[in-house]
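Letter by letter, the chains look like this.
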Amino acid sequence: LNLKDLDSALYYAKKSLRAKEEIFRKDNFDIAVSCNQLGVIYRELEKYNIAAKFFKRAALAFGIDSNYYPSMMLNIFKLYKKQLDAEAMGNYAKHAHQRAKKLYNSDIGLADTYKALADYYDVVGESEISLLYYDSALRVQNFHFKGSFDSLQNPVTLYNTLVHKGLMLKKYGQDSSI
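Remember, it's a predicted structure, so these values are computed and weren't measured experimentally.

Quick notes on the rules
Residues numbered from 1 in each chain as written. Predicted model: local features only at pLDDT ≥ 70, side-chain atom pairs only at ≥ 80, totals over all residues. Heavy atoms only, no water. Helix = DSSP H or I, 4+ residues; strand = E, 2+ residues; numbered from the N terminus. Buried < 20%, exposed > 50% of the residue type's maximum accessible area, 1.4 Å probe, protein only. Phe/Tyr/Trp six-rings, centres within 6.5 Å; stacked < 30°, edge-to-face > 60°.

Student: Mind laying out unusual backbone geometry, listing which residues take part and the relevant values?
Tutor: In this model, Arg 25 sits at a positive phi of 70 degrees, which is unusual for a non-glycine residue. For Arg 25, the location among the structural elements is in the loop between helix 1 (3-24) and helix 2 (29-44). Here Arg 25 falls in the exposed class, since its relative accessible area comes to 70%. You will see that Leu 84, though not glycine, has its phi angle at about 55 degrees, which is positive. Within the fold, Leu 84 resides in the loop between helix 4 (69-82) and helix 5 (86-104). The exposure class assigned to Leu 84 is exposed, which follows from its relative accessible area of 64%.

Structure below.
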């Protein structure tokens, strides 16, 4: 999206949120969806603090036991990943994973949290742990995408990443940063 498209999206998303706030008066699912949309727009505009506020509000409105909650935690994780804030990345990836394990069991949403944990451990230089989480993400995705050619693109990307990182580990040793 270009800046003009984002400005237009921001205008309408704000307008939508105001209308929903007038109708519902307190946070609910509809308001959470609007807050998430605003968070995505602000993330694309690189206004990370504002995006985080909207993602957090969406998470609270969805509720901790909602299937959407881990996704909101992953949205916040992505903000901190862009800023290379390893501590915050770890906190949100771990929290998202903990909630996803309770909510999803072996669902594809759990694969997303494994991928976030892999990214976190990669950033902090724990390549072997990162590989284990990439492998877990790949296993969950392969389980859910058996027989679907279109859906194999994401697991194939994960597999290629896993193979590349494994080869780099063999070549440079476990202490090298990848």
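There is more to say after this.
Student: Summarise the packing of aromatic side chains; cite the residues concerned and give the values.
Tutor: Aromatic rings considered in pairs are described by the distance between their centres and by the relative angle of their planes. Across all of its chains, the model carries nine aromatic pairs by this definition. When the centroid spacing of 4.9 Å and the interplanar angle of 85 degrees are considered together, the rings of Tyr 11 and Tyr 12 count as edge-to-face. Aromatic pair Phe 62 and Tyr 68: ring centres 4.8 Å apart, planes at 20 degrees, arrangement stacked. According to the relative accessible area criterion, Phe 62 is buried, its value standing at 13%. Aromatic ring contacts, followed pair by pair, group Tyr 114, Tyr 120, Tyr 121 and Tyr 133 into a single cluster.

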